[in-house]
Amino acid sequence: MTSAQETGGDVRLTGISKTYGSFTAVHPLDLTVPQGSFFALLGASGCGKTTTLRMIAGLEEPSSGTVHLGDQDVTSLPPYKRPVNTVFQSYALFPHLDIFENVAFGLRRRGIKSVKGQVGEMLDLVQLGEQARKKPHQLSGGQQQRVAVARALINHPKVLLLDEPLGALDLKLRRQMQLELKRIQTEVGITFVHVTHDQEEAMTMADTVAVMNGGRVEQLGAPADLYENPRTTFVANFLGTSNFIEAEVAATSGDDLVVKAGDCKLTLPAARCTGPTATGGKVLVGVRPEKISLAHADDAGRIPEGRNRITGRIADSSFIGVSTQYVVHSPVCPSFEVYAQNIERDGRLTPGTEVVLHWNPAHTFALDAAQDIEAGASKVEEDASA
Amino acid sequence: MTTTLTEAPPTKEPEDPAPRKPRKRGRLVPYWLLLPGLLWLVVFFALPLVYQASTSVQTGSLEEGFKVTWHFATYWDALTAYWPQFLRSVLYAGAATVLCLLLGYPLAYLIAFRAGRWRNIILVLVIAPFFTSFLIRTLAWKTILADGGPVVGALNSLHVLDVTSWLGVTADDRVLATPLAVICGLTYNFLPFMILPLYTSLERIDGRLHEAAGDLYAKPSTTFRKVTFPLSMPGVVSGTLLTFIPAVGDYVNADLLGSTDTRMVGNVIQTQFLRVLDYPTAAALSFILMAAILFMVTFYIRKSGTEDLV
C-alpha cells in the first residue's frame with residue numbers, strides 16, 4: 001500500500017454553522033482534526049454530526065464559517081473538486097457497476113487509465129479480490145461495506161469521511177469491522193473522520209472523540225479522558241453510565257473537596273470538580289458504576305478508612321456473566337447502579353438486603369448542579385438517521 | 001332439516017365433506033382469482049388471434065365466401081405490395097420515439113428531481129390530455145398546423161421549413177399533409193407514454209448515488225452520463241417500447257394529418273379490412289406487423305442489456 005503522496009494537513013473548521021430556515025442544525029463551531037488521526041463525531045440522532053461531516057465533504061453548504069484542508073480553503077469548492085472521500089451510511093454503491101468498476105470509479109473520473117493494478121491492490125486490502133466481477137447486490141452487508149471503504153480509499157483522499165458506516169451491520173460483524181477499519185487506518189495513515197451514535201464504537205476506534213449534542217460540541221478529548229472526566233452530565237450519561245448525587249460543597253481540605261449529600265459526607269479531588277468549589281456551591285457528585293464496591297451492611301466495619309460510603313438497599317440485581325449489575329436504593333440517590341465483577345460473589349447480596357456502597361474518593365468527579373441530571377441518559381439504539 | 005334431507009338430497013351432498021372443504025377451497029382460490037382474467041384473454045385475445053390467423057390463409061371473395069385453402073402466398077403478396085408503407089411506419093414511429101425521448105427525458109428528470117412540491121401537479125398535467133378524446137386532440141393539430149396558420153408562419157420565417165423540406169419531411173412551405181405533421185402528431189399523442197415510465201425509473205434512483213458520484217470526482221454532467229442515465233435505462237426501454245409499438249400500428253395520425261403519400265401500414269390494414277374488404281390480405285398484414293414488432297423488440301431488449309436492471 002503506497003501511502004498518500006500529498007502532504008495532507010489538518011482539517012480545520014472555523015465558525016462553521018448550518019441552519020435550515022429557523023432550525024439550527026449546527027451552531028457555529030470550531031474544530032481541528034489533526035492529520036493522520038482517527039477522529040469520531042459522537043452523538044444522538046439529530047445532533048448535527050452528520051451535517052458537520054457533509055459540510056466537510058461539500059455535500060452541504062455551510063451557512064457560515066470556513067472549511068480548510070491543510071492550507072487550502074475548500075469552503076466554496078463543489079464535492080467533486082475536494083480531495084475528500086466519503087463512505088456513505090448505506091454505502092451508496094452503484095448498482096449497475098460491478099465491484100471492480102465501483103472501486104475504479106474515482107480513478108477513472110480523474111483520467112487515470114491503468115486502474116487494474118491499483119484496484120486489485122485495494123480489493124486485496126479489504127479482502128475482496130475474489131468478488132471483483134460481482135454486482136453489489138450479490139454481496140453481503142459486510143462485504144458491501146468493505147467495497148464502500150475501498151472505493152473511497154483508492155483515491156488517497158486527504159480525509160476519509162465515514163457516515164455511520166457500520167450502522168446497518170449486526171453486532172458481531174460491527175465489532176469485526178471496527179477492528180478492520182482501525183487496521184486499515186493505521187496502515188494507510190489517512191485522516192479518518194467517523195460519525196457514529198454508538199459510544200462504544202467511537203471509544204474503541206477513535207484517537208479523539210467529539211461528543212455532539214444539539215448542534216454543539218459538548219466535549220472533545222481522548223476516549224479515556226472523556227470517560228473519566230466528563231464535563232457535562234450529557235457526556236457523563238452518554239458515554240457509559242454515571243451515578244449522580246446532588247450535594248453541596250461543605251469544606252476544602254488540602255487538594256480535596258468535602259461535599260455533603262443528605263447526612264453523608266463524600267470526598268473528591270478538587271481538581272475533578274468542574275462545578276462551583278466554594279463552600280455552599282451546589283454540585284452533582286458523579287461516580288461510575290464499576291468503581292463502586294458493595295458490602296453487606298453487617299460487614300460495614302471491615303471497609304477501609306478513607307473511602308466514600310453510602311448506605312442503601314438492593315432493589316434489583318441481574319447476573320450478566322462477567323459481572324452482576326445491582327440497582328441500589330439510597331436516600332441520596334434513588335437508583336444507584338453498581339457493576340460488580342463476578343470474582344467472589346457474596347451470596348447474601350440479594351434484593352432487599354441492606355448494603356454499604358464504598359469507593360475510592362479519587363474516582364469521584366463533580367459537575368455544576370445547574371444542568372439536567374438525566375441529559376443523554378437514554379441511549380440511542382435506533383437506526384440513527386441524523 | 002329433515003324435510004330438506006328428503007326433498008332435496010342433492011343440496012345436502014355438498015354439505016357432507018364440510019370439514020375438508022375450506023382447505024380445498026383455500027388452495028383453489030388463486031385459480032379462481034385467475035379465472036376472470038384468463039377467460040377475458042381467451043375470448044378477446046386468443047380466439048380473435050386464431051380467427052385472424054385462419055383468415056390470413058383463406059381465399060375467396062365476399063360474395064362466394066372465404067375458405068381456408070392454406071394460401072400462404074397472401075403473406076408474400078402483401079409484403080411485396082406494401083413494403084413502402086411498412087418501412088414508412090417504422091421510420092415515422094422511430095422518429096416520433098426519438099423525439100418523445102428527447103422531449104420527455106428532460107421533463108421526467110425535472111419532475112423526479114427538481115419539481116419539489118409541484119411534482120404532483122406536473123404529473124397531472126402530463127396525463128391531462130387523456131381527459132379529452134384522442135381524435136379531437138389530433139383534429140386540433142390539424143388547425144394548429146393549418147396552411148397560413150401561426151405555426152407554419154413562424155417556422156417559415158425562422159427558415160425551419162427550409163431545413164425540413166431539405167430533409168424531405170415537408171414540401172411546398174406547408175406542414176399539414178406532410179410526413180412532419182404525422183411525426184408531430186405521433187410524438188404528441190404518445191409523449192405521456194414516454195414520460196411516465198421515465199419518471200418512475202428516475203424517481204427510484206437513490207439520491208445518495210448522485211452524492212457518491214460527486215464525492216468520487218464526477219462533475220454533474222459525468223454523474224448524469226455514468227450514473228443517472230444508465231440507472232434510468234429500464235425507463236428508457238419501457239418508454240420507447242410503449243411509444244414505438246402503438247405508433248408503428250397507428251393510422252389516425254396519418255389519416256388526419258397526412259396525405260396519400262404518408263400512408264402507414266395501419267392505414268393499409270384499415271382500408272383492406274373496411275373498404276376493400278380483402279380480409280385475408282388485411283389479416284396477413286396484421287401478422288407481418290406483429291412479427292416485425294416482436295422481432296425488433298426482442299433485438300432491442302437484448303441489445304440494451306437491461307435484463308438485470310428491471
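All values derive from a computational prediction rather than experimental measurement.

So, on to the interface of chain B and chain A. Opposite the 16 residues of chain B that make contact, chain A presents 15 residues. Going through the elements one at a time, α10 (207–215) and α11 (220–231) of chain B are the ones with two or more residues in the side of chain B that touches chain A. The element best represented in the side of chain B that touches chain A is α10(B), accounting for six residues. In the side of chain B that touches chain A, the residues fall into nine nonpolar, two polar and five charged.

Residue and element names in this part refer to chain A. With antiparallel pairing, the five strands of this open sheet are ordered in space as β13-β12-β11-β14-β20. Taken across any chain shown, the strands that pair with only one partner, and hence form the sheet edges, are β13 (264–269) and β20 (365–368). For this sheet the average axis-to-axis angle between neighbouring strands, irrespective of direction, equals 45°. Two strands pair when backbone bridges link them, and strand β12 (residues 256–261) and β13 are joined in this way by six bridges, in the antiparallel orientation. Within β13, the position partnered with V258 by the bridge is T267.

Next up on the list: the environment of B:V248. Residue and element names in this part refer to chain B. Position of V248 relative to the elements: it lies in helix α12 (residues 233–249). Taking the C-alpha atoms as reference points, V248 and T97, 151 residues apart in sequence, are found 10.0 Å from one another. In this view, V248 contacts S89, V90, A93, L289 and I293; residues no more than four positions away in its chain are not counted.

Moving on, we come to the environment of B:V90. On the secondary structure map, B:V90 appears in helix α4 (residues 73–114). A C-alpha to C-alpha distance of 9.1 Å links B:V90 and B:G249, two positions 159 residues apart in sequence.

Turning to the pairing of strand β3 (residues 38–42) of chain A, a few remarks are in order. Residue and element names in this part refer to chain A. Where burial is concerned, most of β3 is hidden: five out of the five residues are buried. Where burial is concerned, the two faces of β3 agree: the one with F38, A40 and L42 and the one with F39 and L41 are both buried. The pairing of β3 with strand β8 (residues 191–196) spans five bridges and is parallel. Each residue of the ladder has a partner; that of F39, found in β8, is V193. Pairing of β3 with strand β9 (residues 208–213), which is carried by four bridges, proceeds in the parallel orientation. Each bridged residue has a counterpart across the sheet, and for A40 the counterpart in β9 is V209.

This brings us to the nonpolar core. One finds A:I56, A:V103, A:A150, A:L160, A:L161 and A:V193 to be the most contacted residues of the largest nonpolar core, which totals 78 residues. In terms of residue count, the dominant contributor to this core is helix α4 (residues 141–153) of chain A (six residues). Setting aside residues up to four positions removed in sequence, A:L161 forms contacts with A:L53, A:I56, A:A57, A:V84, A:T86 and A:V193. Grouped together as the second largest cluster of nonpolar side chains are 50 residues, B:A96, B:Y105, B:C184 and B:A283 included.

Before going further, it helps to examine the packing of α4(B) against helix α15 (residues 279–304) of chain B. Two measures define how a pair of helices packs: the angle their axes make with one another and the distance between the axes. Residue and element names in this part refer to chain B. Packing of α4 against α15 leaves a shortest axis separation of 9 Å and a crossing angle of 75°. Looking at the two axes, α4 sits roughly perpendicular to α15. Only P280, T281, A284, L285 and I288 of α15 make contact with α4, whose side of the interface consists of T74, Y75, A78, L79 and Y82. Residue composition of the contact of α4 with α15, grouped by class: eight nonpolar, two polar and no charged.

Moving on to the environment of A:T311. Residues and elements named next belong to chain A. With respect to the element layout, T311 can be found in strand β16 (residues 308–319). When the 16 C-beta atoms within 10 Å are taken as the criterion, T311 is described as partly exposed. Sequence-distant contacts of T311, defined by excluding residues within four places in its chain, comprise S330 and V356.

Rules behind the numbers
- Residues numbered from 1 in each chain as written.
- Chains lettered and ligands numbered in written order.
- Predicted model: local features only at pLDDT ≥ 70, side-chain atom pairs only at ≥ 80, totals over all residues.
- Contact = placed C-beta atoms within 7 Å.
- Helix = DSSP H or I, 4+ residues; strand = E, 2+ residues; numbered from the N terminus.
- Nonpolar A, V, L, I, M, F, W, Y, C, P; charged D, E, K, R; others polar.
- Pairing = 2+ DSSP bridges.
- Axes fitted to C-alpha atoms, helices over the stretch in contact; angles between N-to-C directions.
- Buried ≥ 20, exposed ≤ 12 C-beta atoms within 10 Å, placed from the backbone.
- Core = buried A, V, L, I, M, F, W, Y, C linked by C-beta atoms within 7 Å.
- Parallel < 35°, antiparallel > 145°, perpendicular 65-115°, else oblique.

These figures capture arrangement, not role.
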